[in-house]
Structure formats: structure tokens, C-alpha cells
Amino acid sequence: MKSVQDLYDLYEKAKSKFQNRKRHILVCGGTGCTSSNSQKIIEKFEEEFKQNNISDVEIVKTGCFGLCALGPIVIVYPEGSFYSMVKTNDVSQIVQEHIIDGKPVLNLLYKETVLEDGNVKPFSEVNFYKKQHRTALRNCGVIAAENIEEYIAREGYQALAKALTSMKCEEVIDTVKKSGLRGRGGGGFPTGLKWEFTYKSQSDKKFVACNADEGDPGAFMDRSVLEGDPHSVIEAMAIAGYAIGADMGYVYVRAEYPIAVKRLQIAIDQAKKYGLLGENIFGTGFNFDLEIRLGAGAFVCGEETALINSIEGNRGEPRPRPPFPAVKGIFGQPTVLNNVETYANIPQIILNGADWFNSIGTEKSAGTKVFALGGKINNVGLVEVPMGTTLREVIYEIGGGIPNGKKFKAAQTGGPSGGCIPAHLIDTPIDFDSLGAIGSMMGSGGLIVMDEDNCMVNIAKFFLEFTVDESCGKCPPCRIGTKRMLEILNRITDGRGKPGDIEKLEELAKNIKASALCGLGQTAPNPVLSTIKYFRDEYESHINEKRCPAGTCKKLVNVNISNEKCKGCGLCKTVCPASAIDGEKRSTHVIDRDKCIKCGACIEKCPFKAIAFK
Amino acid sequence: MCKDCSGLNPDIEKKLLEIIEIDKDKKGSAMIILHKVQELIGYIPFEAQKIIAENLNIPMAQIYGIVTFYSRFTLEPVGKYKIGVCLGTACYVKGSDKVLEKIEEILKIKAGQTTDDGKFSIDATRCVGACGLAPVMTVNEDVYGKMEPDKVSEILAKYH
């Protein structure tokens, strides 16, 4: 491609090609569905098509649809029929009845899409999608991630063309500033300001970097964008390069994301081939090149200065700021560093303007946010909602509520740096400032739902174990302080808690927050502080009564057989590894607490749900 | 084989030098090379670190520092079948710790160890991103979702 006209010509050509498809099917090729064998399903479709001489139906392997719990997902167009949990054995039936005879296979469709009168509604009408607003994910699960022409047919690279040919660098920065876009990696720093600082730094060499080292447990937003729409990130990074005056960019991706890495590499190679990366892009004289750098399994590398050290090939340890990366970043040069989801918003902002973006979301948090819903929730998966949507809407209307009729207890946002939101605050609007005000944080977008069976002290311990494990060891407050906090939590959950432990935790937390070197250390105590704030009574029960109210902390619970529910079948007796259960057939069994090792095997085995931790 | 330079198999050493040659002029090449070496040999022995250090002209202490900093680089060989049990939040709240316990019990090793026959190693991993399938265990490239402790022995049997 040598000029903008070439791009528009290809756009028209590609658009009509994809719009004129009579019938095509989408198969999810995200990590979730690939794990549930979607690749085999694609092969089976190809095989069936061959046998039935079907040559005009394209099979499109897309990125994540979002509803990972229902994978593998297949969508048949033009109807948009939504097949969930598809098995390879189902494929021939779908081909015979739907593709050939034109009748959707009702019993294989996602049940919410089958109406009472036997009609079928398209997947876009499903509750899970209806309330969503897809900007960063607009192409995820819509286009074939490995085909650049599908991206171009969805106005891809037109934002770059617009910026390069009709906007000055300052105008690009100004548009991003006015849009109100804030960093989606967790901090929420205004993206336009970051660009402006880097633009103003004097240097003949600058860099653009993308943070795709998504390390928060339970978060997979960035991975899904890279898998489903890698070109949007490439385009945005080129725009950033133009805005700040850089000709080189790095994407730092976790090596744990092989599919994302592979698709991103394919996308970069395609962009180079089409002249959308490289020298003299669109004949404007602007050069920009991209390279992938792989992380190697260190959570701290998500912190910007650590990430820069790692890109430089060193130990990923943070360093004090200032100087900020905008002044001294990769190889000592001014660097603009944004997260994947932040970049994914950029092309839309350039194309549709700052006002359009600003009209979505709330006053101080413009736009949308992608969340990875996980834990005790029915619709585990990826959702994108306007800022300001309440937690209740996300959990109950989109997420489908809590499984097994259990009660919602709390949600954790922001992973190990964030905090929990208790049930009474479920109507809190999700935006940067509201979450900060209640002691949690937006974070990168992990949203873990917990029900009445989760012990909050145990959850705090879990996150602290994570931070202790991942502390890089450079600064003592994080290296030693979090370890001391963990020891206290271990003591509490083991039933050896002492009066004053809660206060000690709070004091340590305060000091670590004030003195740790990097953002990860400073936020490490947050899960403990917020669980103490909202669930202090649980800590007190553990310490004073040696009791775990949720029945999770093993050392504090006993296994109990209910007199009413036990039918005396004897299954528990046979499965018990410690021979701690005794009882005659058809009479209530009993557990010898001295022998019981609390492994829970009997609980899992009991067909009458008569055994429980108490 | 000269006694100074390595206990590495000459074929591997040749490949190692090829790897270094390809990337050594890139800025910040140490990480890129170490990734490839980890894949080539399955771990990064001292001999390899020494060769990398010499060819990149940086102290071996620095290479060793990088290798030990990142969890994907290992100083010991890992098992033929690498078992990973996700202890990310989503899996953890759904009981992946019990799956891990069961694997440890069957293989008689702990997470982070390799069986004596070199067949299996267990890792408690961070989130693998398949939270929709929680709890999840992986064996090399295969992913097993919606795990239960009772399914473990059946899965391990596939890899004997």
C-alpha cells in the first residue's frame, strides 16, 4: 500500500466481499474455547463441508466471544444463531440440518436464544450481550483475527491514515486528551497527558511500548484483545508513534499467552507486508516498526519501570520515579507506555472524535471498561460496559447471578492490588473514582465474584501469598513487610491468632503503602485492608472464637454429618482415607474427629449432601 | 570436548551458538536468547550461561541474575510432562488447591519438583487465562478444565 487511496480501495473491496457472504460460520479461537477443543470443531466442519460438497460457506476462526463458560461457541450467519458447548459429534447435525436444510438445531442452541414459539433470536439479543457496549472489543469474536483484510473491512487503519494525512502531532495528542481516555492498566492516568509529556521530551530517539504483561490472577482482557483484534493495537501504537515522534515500538507480552503472541506476530508480519508498518507509511514519510518482547513469568514486570528493564533484557526490577518513562524510558529514551486495552480504544477515538468517546461513561471516567468476570458467577467471561455501570448490573444482568442459589458476598476488583466490594455496596457505579473511594480500585479489569462459602480472611491471605511470591525483593517494605503480614494471616487462619493481630496488620499495611518502591508494593496491602474494613467480624471470629464463619479455613472447621439427611448408605465410610467414619448400614454415620484429616472426600462423595464443614 | 568450555553436548552447543549469533546484535538480546535456550535444552545449565555471557560480552553474574529472576527460566531440567495447576483466583475459589493436592499425592512429589524418572513435574501456576473453565490443570499443551480431584488419576494415566 503506497497511499491512503490504496487503503480506501482495499476497504471497499474487502467490505463488499465480506458483506456479500451468503452464509458463514464463526468459531471461537480464543484461549478458553481452544482449551475446550474448538480447533477440532473447525476441522470437523471442514471435513463435513468437503463430504457434502459445500464450498461457499466460510469458516472464520475468531477471537474470544466473551462467554467463555459456554465454550466452544459456534455462530452461524446470516441468522446469528448461537450454538454453545458444541461437541465434535454435534457438527454433522448442524451441517445437515442448519447449513443444508436451513433449520437451526434447536436443542444445540444456547437455550436463552430459543423462544417459546420455536423461533430463534440472534446471539446479539442475549442478556449477556444486550447491556454491553463494545469499543475495545468491537472486533473480538467478530472478525478472523489472522486476516488483516477483515480488519480493514471494519475501517481498520483508517484512523492511522487520518492522523498521518490530516492531523498534526499536537492535534492527535489533543484529541486523545479531550477524549478523557484514562489508562486501562489500573492506574487510570490520563493517556493524552502521558503522550504530551513524551512529545515534549527532547530527544532524537523515542519509543512506544505496549504493556501486555497481564499478570493479575483472574484477568484476561488484554489477552482477548490481542487474540481477537491484534491490528487495533498495532494501529494505535503507530498513531502514538506519529504523535510523540517515535519510529520504533515494543509490545511486551507474557510468554504464558502463546496464542496471543502467535496472532500478534502474524498481524505484525501482515501489516508490514501491506505497508502499514515499516518505512514511508502511506507515502507520508512516516516510519514505524514494531517488535514483540516476551515476558518470562514475573508479575512485577507489569510495573512500568520494571517492564522497561525487562525489555532492555535485564532483571525486571522497578526503579524509583521520577524520572518517568516519558523522560527516561526504554534504553534511556523518552517512552510512551500504555496498556493493551488503552490502545484498543485509540483508533475509534481518532476516527469518531473526542466528543463521541467522552459521551460514553461518566464525567471523570470516559468510555468503557472491559472486565474479566470470574469466580462464583454463572456467565464467566469477558464483558465490556460503559463506565458508571453498577456492580449489580454487571453481576446479575450480564453475569447471570451466582450459581446454586448462593448469596453474593463480595467482589474483588484490581486483583492483588485492589480490594473487595461487599454486598451492601453492590450499587456502586464502576468508575475510577467511585471504586477508589470505597477502598478498592479499578485495576486492570479482573472481577472475581465471591459467595457465602468464601472466607474473606482466606481470600486476603491468598492475594498476599501471591504478592509475597512475586515480590522482586528490591525494597525491604515489600520484601519483608508483606512476608510479616502473611505470617500473621497464616496464624489467624490456623487458629493461632492473637488479640492485637488486626491492629498489627493495619500498622504494617500503612507503612508498606507509604514506603514501598513501586506501585505493586504500595498496593500489596490493599486486599488485607479492605477485607478488614468490611469483614472485620470475620477476622475477629477467627481470632477470638477460633471459628471460620464461611467454613473454609480447614484448621478451624469440623466435618459434620447431618442426622436428618444421612441415609446410612456407607459411601462416606468407604471413601474416607483416614477410616474416621463409622456407622451401620441404613443408620446415621458418625465421624471420629480425632482421626478426621478434614480432606473433604466424604463431602464430595455423599449423594444426599448430608456432610458439610461446620 | 574441551574441558574449559562445556559439558554440553556438541550438537547443542552448536545450536546455542547459532541462536546467539541471530540475536546478539539486537538491543537487550539477553532475554530473547534465554527464551530460546530454555526451549532448546529444557533448562539453562551453567555451561550455557557461560557461553551466552562470553558471546554477549556481559558478566555471567548478570546472566545468572536474569535466569534466576524469571520463573520461566530454570536451572534444573523439568519433567517430560509438565503439569500445571492453576492457582489463579478464579480456579482457587473453585477448589484447584484440592486438585493440586491430589496430583501431589499420586506422584509423591510436591509442586516445583520432578519425579525421579524425569517423567512428570508439577507446577502451581499463575492464572492461565482459562478462568471460564475453572479449575484448570494443564499437561504440556493440553488443557483440562472443570477439574475435580477424582479425575486426576485418569488424566495422568494418559501420559504413561
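As the structure is a prediction and not an experimental result, all values here were calculated from the model.

J.: Report on the overall build of chain B, specifying residues and quantitative values.
T.: Each helix and strand in chain B was counted, giving seven helices and four strands. For chain B, the sequential pattern of α-helices and β-strands runs α-α-α-α-β-α-α-β-β-β-α. With the C-alpha coordinates of chain B rotated into their principal frame, the extents come out at 50 × 30 × 20 Å. Expressed as a percentage of its 160 residues, the buried residues of chain B come to 48%.

J.: Describe in detail the overall build of chain A, supporting the description with residues and values.
T.: Assigned secondary structure in chain A consists of 24 helices and 18 strands. Computed over its C-alpha atoms, the radius of gyration of chain A comes to 27 Å, within 12% of the 25 Å expected for a compact globule of 614 residues. C-alpha extents for chain A along the principal axes are approximately 85 × 65 × 40 Å. By residue count, 61% of the 614 residues in chain A fall in the buried class. When contacts within chain A are restricted to residue pairs at least 6 apart in sequence, long-range pairs at least 24 apart make up 70% of them. Separation of charge centres in chain A, based on 76 positive and 74 negative side chains, amounts to 5 Å.

J.: With reference to specific residues and values, describe the sheet that holds strand β3 (residues 74–77) of chain A.
T.: Residues and elements named next belong to chain A. Taken in spatial order, the four strands line up as β2-β1-β3-β4 in an open sheet, and their pairing is mixed. The two strands at the open ends of the sheet, each matched to only one other strand, are β2 (57–62) and β4 (81–83). Adjacent strand axes in the sheet meet at a mean angle of 20°, parallel and antiparallel pairs treated alike. In the sheet, strand β1 (residues 23–28) pairs with β2 via six bridges, with the strands oriented parallel.

J.: Can you explain unusual backbone geometry? Please cite residues and give values.
T.: All names here are of chain A. Along the chain, Tyr77 connects to Pro78 via a cis peptide bond; the corresponding omega equals 15°. The backbone of Asn53 sits at a positive phi, close to 55°, despite the residue not being glycine. Relative to the elements of secondary structure, Asn53 occurs in the loop between α3 (38–51) and β2. According to the relative accessible area criterion, Asn53 is exposed, its value standing at 69%. In this structure, Phe282 is a non-glycine residue whose phi angle is positive, near 55°. Positionally, Phe282 belongs in the loop between β7 (278–281) and β8 (286–294). For Phe282, a relative accessible area of 5% puts it in the buried group.

J.: Could you give me a rundown of the domain arrangement of chain A, with the residues and numbers involved?
T.: All names here are of chain A. As assigned here, chain A comprises domain 1 (18–126), domain 2 (148–358), domain 3 (368–451), domain 4 (456–545) and domain 5 (558–613). One C-alpha centre belongs to domain 3, the other to domain 4; they are set 22 Å apart. With 16 residues of domain 3 at the interface, the matching set in domain 4 holds 15 residues. At the surface where domain 3 touches domain 4, the tally comes to one salt bridge. Close ionic contact of Lys409 with Glu538 constitutes a salt bridge, the shortest N to O distance being 2.6 Å. Applying the counting rule to domain 3 against domain 4 returns five residue pairs in polar contact (both at pLDDT 80 or more). Of all the elements in the fold, those that place two or more residues in the side of domain 3 that touches domain 4 are β12 (408–413) and β13 (419–422).

J.: Talk me through the domain arrangement of chain B; I want residue IDs and the actual numbers.
T.: For chain B, the assigned domains are domain 1 (10–69) and domain 2 (81–157). Distance from the C-alpha centre of domain 1 of chain B to the C-alpha centre of domain 2 of chain B: 30 Å.

J.: Hey, could you go over the interface of chain A and chain B for me, with residue numbers and the actual values?
T.: Of the residues lining the interface, 50 residues belong to chain A; the matching set on chain B comes to 37 residues. Here chain A and chain B share an interface that buries about 3400 Å² over both sides, 58% of which is from carbon and sulfur atoms. On the chain A side of the interface with chain B, the three residues burying the most area are Ala296, Arg315 and Phe462 of chain A, jointly 17% of the side's total. Our enumeration of links across chain A and chain B arrives at zero salt bridges. Contributions of two or more residues to the side of chain A that touches chain B are made by α2 (31–35), β8, α13 (304–311), α18 (456–470) and α24 (601–605) of chain A. When residues in the side of chain A that touches chain B are grouped by element, the largest group, seven residues, is from α18 of chain A.

J.: Give me the lowdown on the sheet that holds strand β3 (residues 137–139) of chain B, citing residues and values where you can.
T.: Each strand in a sheet pairs with its neighbour through backbone hydrogen bonds, running either in the same direction (parallel) or in the opposite one (antiparallel). All names here are of chain B. Spatially, four strands are ordered β2-β1-β3-β4 in an open sheet, and the strand pairing comes out mixed. Each edge of the open sheet carries a strand with a single partner, namely β2 (120–125) and β4 (142–144). Between one strand and the next, the sheet's axes are offset by a mean angle of 20°, whatever the strand orientation. Sheet topology note: the strand β1 (residues 81–86)/β2 ladder contains six bridges and is parallel. Bridge pairing links Gly84 to Asp123 in β2.

J.: Just give me the short version of the side chain of Gln49 of chain B, but keep the residues and values in it.
T.: Within the secondary structure layout, Gln49 of chain B lies in helix α3 (residues 46–56). Those residues in contact with Gln49 of chain B that sit more than four places away from it in its chain are Ile44, Met60, Ile63, Tyr64, Val67 and Leu75 of chain B.

J.: Report on the packing of aromatic side chains, specifying residues and quantitative values.
T.: Summed over the entire model, instances satisfying the criterion amount to 20 aromatic pairs over all chains. Taken together, a centroid distance of 5.3 Å and an interplanar angle of 70° make the contact between Phe462 of chain A and Phe463 of chain A edge-to-face. For Phe462 of chain A, a relative accessible area of 6% corresponds to the buried category. Through a chain of ring-to-ring contacts, the aromatic side chains of Phe65, Phe82, Tyr110, Phe123, Phe128 and Tyr129 of chain A assemble into a single cluster. Here the basic side chain of Lys27 of chain B rests over the ring of Phe331 of chain A, its NZ or CZ set 4.5 Å away from the ring centre.

J.: Account for the packing of helix α7 (residues 158–166) of chain A against helix α11 (residues 230–244) of chain A, with residues named and values stated.
T.: When two helices pack together, their arrangement is given by the angle between their axes and by how far apart the axes lie. Residue and element names in this part refer to chain A. At a closest axis distance of 9 Å, the pairing of α7 and α11 adopts a crossing angle of 10°. Between α7 and α11, the angle is such that the two are roughly parallel. Mapping the contact onto sequence places Gln158, Ala159, Leu160, Ala163 and Leu164 in α7 and Glu235, Ala238, Ile239 and Tyr242 in α11. Split by residue class, the contact of α7 with α11 holds seven nonpolar, one polar and one charged.

J.: Hey, could you go over the pairing of β1 of chain A for me, with residue numbers and the actual values?
T.: Residues and elements named next belong to chain A. For β1, the buried fraction is high: six of the six residues fall into the buried class. Here β1 shows two buried faces, one formed by Arg23, Ile25 and Val27 and the other by His24, Leu26 and Cys28. Taken together, the four bridges between β1 and β3 define a ladder with antiparallel strand orientation. Each bridged residue has a counterpart across the sheet, and for Leu26 the counterpart in β3 is Ile75.

J.: How would you summarise a negative patch on the surface if you had to cite specific residues and measurements?
T.: On the surface, a cluster of negative charge is contributed by Asp582, Glu584, Asp592 and Asp594 of chain A. Here Asp582 of chain A shows up in strand β16 (residues 581–582).

J.: Go over the environment of Asn339 of chain A with me, naming the residues and quoting the values.
T.: All names here are of chain A. Here Asn339 lies in strand β9 (residues 335–339). Sequence spacing of Asn339 and Gly302 is 37 residues, and the spatial spacing of their C-alpha atoms is 9.5 Å. Among residues more than four places away in sequence, those in contact with Asn339 are Arg184, Gly185, Cys210, Asn211 and Asp222.

J.: I'd like a rundown of the confidence of the model for chain B, residues and numbers included.
T.: Residue and element names in this part refer to chain B. Per-residue confidence for chain B gives a mean pLDDT of 88, with 96% of residues at or over 70. In this model residues 1–6 is a low-confidence stretch, pLDDT under 50, and it forms 10 contacts with partners more than four residues away in sequence or in other chains. Predicted complex, confidence summary: ipTM 0.85, pTM 0.89.

About the thresholds
- Residues numbered from 1 in each chain as written.
- Chains lettered and ligands numbered in written order.
- Predicted model: local features only at pLDDT ≥ 70, side-chain atom pairs only at ≥ 80, totals over all residues.
- Heavy atoms only, no water.
- Helix = DSSP H or I, 4+ residues; strand = E, 2+ residues; numbered from the N terminus.
- Buried < 20%, exposed > 50% of the residue type's maximum accessible area, 1.4 Å probe, protein only.
- Rg over C-alpha atoms; globule rule 2.2 N^0.38 Å.
- Contact = heavy atoms within 4.5 Å.
- Lys, Arg positive; Asp, Glu negative; His and termini not counted.
- Charge placed at Lys NZ, Arg CZ, Asp CG, Glu CD.
- Pairing = 2+ DSSP bridges.
- Axes fitted to C-alpha atoms, helices over the stretch in contact; angles between N-to-C directions.
- Domains from an automatic or database assignment.
- Salt bridge = Lys/Arg side-chain N within 4 Å of Asp/Glu carboxyl O.
- Polar contact = N/O pair within 3.5 Å; in protein donor to acceptor, adjacent residues only side chain to side chain.
- Buried area = accessible area lost by both parts, 1.4 Å probe.
- Phe/Tyr/Trp six-rings, centres within 6.5 Å; stacked < 30°, edge-to-face > 60°.
- Lys NZ or Arg CZ within 6 Å of the ring centre and 35° of its normal.
- Parallel < 35°, antiparallel > 145°, perpendicular 65-115°, else oblique.
- Nonpolar A, V, L, I, M, F, W, Y, C, P; charged D, E, K, R; others polar.
- Patch = residues over 30% accessible without salt bridge, like charges linked within 9 Å, V, L, I, M, F, W, Y side chains within 5 Å.
- Areas by Shrake-Rupley, 256 points an atom, 1.4 Å probe, with all protein chains shown as cover.
- pLDDT = per-residue confidence, 0-100.

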